[in-house]
Amino acid sequence: MIDYEPVLIIITPVIAASIISFLSPFLKTERTKKIQKYIAIIGLSLPFFYLILLYPTVSIKTIQYNMGGWATPYAITLIIDPFNYTFLIISSLITLLAFIFSMKDVKKAKAKFSFFFLLMVAGIYGVFLSVDLFNIYVFFELCVITSYILVTLGDQKGSLKAAFTYLILGSIASLFFLLGIGLLYFNTGALNIFHLSTLVSKLDVTIQLAVFTFLFGAVAVKAALPPFHTWLVDAHSTAPSAVSAVLSGITVKIGLYIFLRVFTMGFQLQGMTEFLLILGVVAALGGVIFALFEWDIKRLLAYSTISQMGYIVVGLATFSAIGVAGGLYHIINHAVFKGLLFLCAGAMIYRTGTKDIRKHNIGTTMPVTLITFIIAAFSIAGVTPFNGSVSKSIIEASLSNHPLVWFFLLLTCIGTITIFSKILYYSFLKTAIHNKIKQPSQEAPFSMQLPMVVLAFFCIILGAFPHIWLDNIILPATSSIIGGYTTIQIKIFEPMTILKDWLLIGFGLLLLKIVISRAQYIDKIRKRIVLPNLNIKVVMMMFALTLILSLFKFLN
Amino acid sequence: MTSKIVQTTTTIILPFLLLFGVYVIIFGHISPGGGFQGGMILAGAAMLIALAYGFDKLPRFMSHLQSLEAGGVLLFIFVGSITVLVWLPFLADLHILPILNIIVGIKVFAGVALIYIFIARWELPHD
Amino acid sequence: MINGMNIGIILFLIGIFGMMTNKNIIKIIMSLTVAENGVLIFFISIGYVIGGQSPIITSDVTNPVDPLPQAMMITMIVISLCLTALSLTIAAWIFHKYKTLNVEDIIDDRL
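What counts and how
Residues numbered from 1 in each chain as written. Chains lettered and ligands numbered in written order. Predicted model: local features only at pLDDT ≥ 70, side-chain atom pairs only at ≥ 80, totals over all residues. Helix = DSSP H or I, 4+ residues; strand = E, 2+ residues; numbered from the N terminus. Buried ≥ 20, exposed ≤ 12 C-beta atoms within 10 Å, placed from the backbone. Contact = placed C-beta atoms within 7 Å. Core = buried A, V, L, I, M, F, W, Y, C linked by C-beta atoms within 7 Å. Nonpolar A, V, L, I, M, F, W, Y, C, P; charged D, E, K, R; others polar. Axes fitted to C-alpha atoms, helices over the stretch in contact; angles between N-to-C directions. Parallel < 35°, antiparallel > 145°, perpendicular 65-115°, else oblique. Left-handed = near helix turned anticlockwise from the far one by under 90°. Expected span 1.5 Å × (residues − 1). Arc of directions from axis to C-beta. pLDDT = per-residue confidence, 0-100.

## Some points on the overall build of chain C
So, step 1. Assigned secondary structure in chain C consists of 3 helices and 0 strands.
So, step 2. Listing each helix as α and each strand as β along chain C from the N terminus yields α-α-α.
So, step 3. The dimensions of chain C, computed from C-alpha atoms along their principal axes, are 65 × 30 × 20 Å.
So, step 4. Within the span of chain C, comprising 111 residues, buried residues form 27% of the whole.
So, step 5. If you take every contact in chain C between residues at least 6 apart in sequence, the share linking residues at least 24 apart comes to 51%.

## Comments concerning the overall build of chain B
So, step 1. Along chain B, the regular secondary structure elements total 4 helices and 0 strands.
So, step 2. Put simply, chain B runs from its N terminus to its C terminus through helices and strands in the order α-α-α-α.
So, step 3. In chain B, buried positions account for 27% of the 127 residues.
So, step 4. Counting only contacts in chain B whose residues sit at least 6 apart along the sequence, the fraction spanning at least 24 positions is 74%.

## Some points on the nonpolar core
Soluble globular proteins tend to pack their nonpolar side chains together in the buried interior.
So, step 1. By size, the foremost hydrophobic cluster in this structure holds 215 residues, and its most contacted members are A163, V313, A325, L340, C344, A376 and C459 of chain A.
So, step 2. The contacts of L340 of chain A, once residues within four sequence positions are left out, are T372, A376, M452, L455, A456 and C459 of chain A.
So, step 3. Membership of the second largest hydrophobic core comes to 18 residues, among which are V24, I25, A110 and A113 of chain B.

## Brief notes about the interface of chain A and chain C
So, step 1. Taken together, the contact pairs 32 residues of chain A with 32 residues of chain C.
So, step 2. Those elements giving two or more residues to the side of chain A that touches chain C turn out to be α6 (133–152), α7 (159–188) and α22 (534–555) of chain A.
So, step 3. It is α7 of chain A that contributes the most residues to the side of chain A that touches chain C, 13 residues altogether.
So, step 4. In terms of residue class, the side of chain A that touches chain C is made up of 20 nonpolar, 6 polar and 6 charged.

## Some thoughts on the packing of helix α1 (residues 5–23) of chain A against helix α5 (residues 110–129) of chain A
Any two packed helices are characterised by the angle at which their axes cross and by the distance between the axes.
Residue and element names in this part refer to chain A.
So, step 1. Close contact between α1 and α5 brings their axes to 9 Å; oriented N to C, the two are set at 165°. Between α1 and α5, the angle is such that the two are roughly antiparallel. At the point where α1 passes α5, the crossing takes the left-handed sense. Residues P6, I9, I10, P13, V14, A16, A17, I20 and S21 of α1 touch α5, and the partners they reach there are A111, S114, F115, L118, L119, V121, A122, Y125, G126 and L129.
So, step 2. For the contact of α1 with α5, the per-class residue count stands at 16 nonpolar, 3 polar and no charged.

## Overview of the packing of helix α2 (residues 25–44) of chain C against helix α3 (residues 68–98) of chain C
All names here are of chain C.
So, step 1. Viewed as axis vectors pointing N to C, α2 and α3 meet at an angle of 175°, and their least axial separation amounts to 10 Å. Classified by the angle between their axes, α2 and α3 sit roughly antiparallel to one another. Of the residues in α3, those in contact with I25, I26, I29, T33, E36, L40, F43 and I44 of α2 are P69, Q70, M72, M73, M76, S80, T84, S87, L88, A91 and I94.
So, step 2. Its residues placed into classes, the contact of α2 with α3 shows 13 nonpolar, 5 polar and 1 charged.

## Describing helix α18 (residues 446–464) of chain A
Residues and elements named next belong to chain A.
So, step 1. Over its 19 residues, α18 extends 27 Å from the first C-alpha to the last, a length consistent with the 27 Å expected when each residue adds 1.5 Å.
So, step 2. Within α18 the residues assigned to the buried category are M448, P451, M452, L455, A456, F458, C459, L462 and G463. The buried residues of α18 occupy an angular sector of 155° when the element is viewed end-on, so they sit on one face.

## Notes on the confidence of the model for chain C
Low-pLDDT portions of the prediction should not be read for the details of their coordinates.
Residue and element names in this part refer to chain C.
So, step 1. Predicted confidence across chain C gives a mean pLDDT of 87, with 95% of residues reaching 70 or more.
So, step 2. When mean pLDDT is taken per element in chain C, α2 scores highest with 94 and α3 scores lowest with 90.
So, step 3. The ipTM for the predicted assembly is 0.94, set against a pTM of 0.92.

## Quick word on the confidence of the model for chain B
So, step 1. Chain-level pLDDT for chain B is 83 on average; 85% of the residues reach the 70-or-more range.
So, step 2. Averaged pLDDT values over the elements of chain B bottom out at 80 in helix α3 (residues 62–85) of chain B and peak at 93 in helix α1 (residues 4–26) of chain B.

## Some points on helix α2 (residues 35–53) of chain B
So, step 1. Compared with the 27 Å implied by 1.5 Å per residue over 19 residues, the 27 Å span of α2 of chain B between its first and last C-alpha is a close match.
So, step 2. Among all positions of α2 of chain B, only G35, F36, G38, G39, I41, L42, A43, A45 and A46 of chain B are buried.
So, step 3. In this structure, the buried residues of α2 of chain B make contact with α1 and α4 (97–120) of chain B together with α3 of chain C.
So, step 4. Two residues or fewer past α2 of chain B, G54 of chain B is found with a positive phi of approximately 95°.

## Section: unusual backbone geometry
Residues and elements named next belong to chain A.
So, step 1. Here P226 and P227 are connected by a cis peptide whose omega angle stands at 0°.
So, step 2. Here P227 is to be found in the loop between α9 (205–223) and α10 (232–238).
So, step 3. In the Ramachandran plot, A224 falls in the positive-phi region, its phi being about 60° despite a non-glycine side chain.
So, step 4. Checked against the element boundaries, A224 lands in the loop between α9 and α10.
So, step 5. In the Ramachandran plot, F319 falls in the positive-phi region, its phi being about 55° despite a non-glycine side chain.
So, step 6. When you line up the elements, F319 lands in the loop between α13 (297–317) and α14 (321–352).
So, step 7. F319 sits in the partly exposed class, given 16 other C-beta atoms within 10 Å.

## Let's talk about the environment of V79 of chain B
All names here are of chain B.
So, step 1. Residue placement: V79 occurs in helix α3.
So, step 2. Given 15 C-beta atoms within a 10 Å radius, V79 is considered partly exposed.
So, step 3. Sequence separation between V79 and I103 is 24 residues, and the spatial gap between their C-alpha atoms is 9.7 Å.
So, step 4. Sequence-distant contacts of V79, that is, excluding residues within four places in its chain, are made with I96, I99, L100 and I103.

Pasting the structure below:
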């Protein structure tokens, strides 16, 4: 009995994309061009409903499918196990809602946008489903190349240069990934991840070190860890809003998925936990500090993405069951609330026509956007009934041996609160009637309101009832990657955590008052700290990789 | 506008180029080559025609090439699904490789010619 | 000393050096192509067996070279073609819009 499910999940977006492209010379009028959008929505929603129907099967056994029917260690396998399932279900939800949002937002080239969006979604599903290292590379390239194209379709001014920088840095990352695969194949002769996990621990330490450095370089560029993060802010801020939501929510996490799959294969290197902890803290603090000097709303959200990725890497760094469970839960939560934040920003830009938060002047003319933005801001800050608090408290509970890291994460929390209260203050609260900036006339259209409301609903559910999600989805996922089953108890309304949350909010608002009073120096500082040049970014990447290699060589 | 040498050489070489491309596609499962390589040779022939006889007539073909390419994808998935009907895994070993090579060859030719037309459109004297 | 793997790594490093120092967009794209070809040569020479024959198993071939890296590299050539075509399209678009091909001269109106 052959299970065709993994193939169906990948093929459905591809068939929808080719039907759209096939029909495009035959559809000339405006009314018939709408058929293309409805085909795309069908092509995106079918895998989502199919994955929901697959949940009872996945919790019992792993679905495995060999391509072409060849035998197991030599074939290209696609599997769905509980670890994959979390990533697949969250990516299908976010891509479907982002596409519904983009039906009104993308102004030019709608058929091309749908086509490339569907191909990117097929690439994302392919990365999450495959277990063979080279198959991961092929689908990874499909996803990344279509995302280069989607970034150029934004109608902001800097999108071409941002797409070119993203292209060059992403290609270097792919080349490093290939070099890592090549070294691994040369020394072991196998490409299947499960087969490799028995063979890697027998290798020489120097070879393990070289493979780790190459693969880590590729993963770090994709997951935007400093000093490899320089492409992310330009690319995510000049893309269309729906594409930004998918890029920040899903595509950045592909790096972490490959990280978890590959680095639990049995690498035995000293000093990996401390190195990842330092990297996570630098990412978290650096993202927040750079975001204090920005007035562009999408660049603020992109810097906040770098900071949250640092948070997740700190959670995953200890490789213990609690840490990885917290990291996985924060991946899901971050996809939901960062997608919601980018969609709200897209709605605000659509109605006011500008990205500068000092010129927004919204007030209460857009109530749905205001309420969903407040829900998302509470989630990312970690206030108690919303979903950010659950995952942040699990990650902080796993850091009981490293109190200094815990302190830096608290500072990051304060900085995040400052950033989002800055957006709330300047965009919504500060209505300047004498300033002659026109207020937006009405709320965002219905096709934009629907995804925002659905995502806000998921924010509340993921935070208020954490045990449903923990016991049924997250903990089986953790135990299929790391051994050592664990149970986690979460109390929602405990007074100590509520006190800590509101104390952090108090400190954040204090920092906001300092930032607002010094607002005229911000432009001068920002022009000095942002790197404009492509060549310097490449030099920084290579230099950092050489440093990492020599550091690990010294420790081993 | 284009030189006499290029036009004369293209007239002589073009049939052999097309024949060689089709040969590489069809014999792909025995000797080196296959769908992608043969498709690139055919696209090279299309670029040679564009170089010899001018770029003006090119943009007419864009929509046709686009539907040819998309039709190739649908045909490929359809041929692969025939194996599903016989209850074997998708794209199993039922000696369908030459058919897949031909479909891939047509698709690659359409795709690369389309890329060339897109880039060459900037070089047109007007627009 | 001079085997395929060393040549591949040297070509890759030359390509990365080209990306670090060039300012013309077309030269950066050409350095990217050189780096990708370097990785190609490295990969194919992983499967080399000294004194081996080409892996087309129809005649009497007793010592074939490993064909798996070659199959992987055919796929990689296709992906490299897509990247080169895309980057050249973006370069043509940048020239059409900003009238210059120098990476430092493209001024985008960031806030």
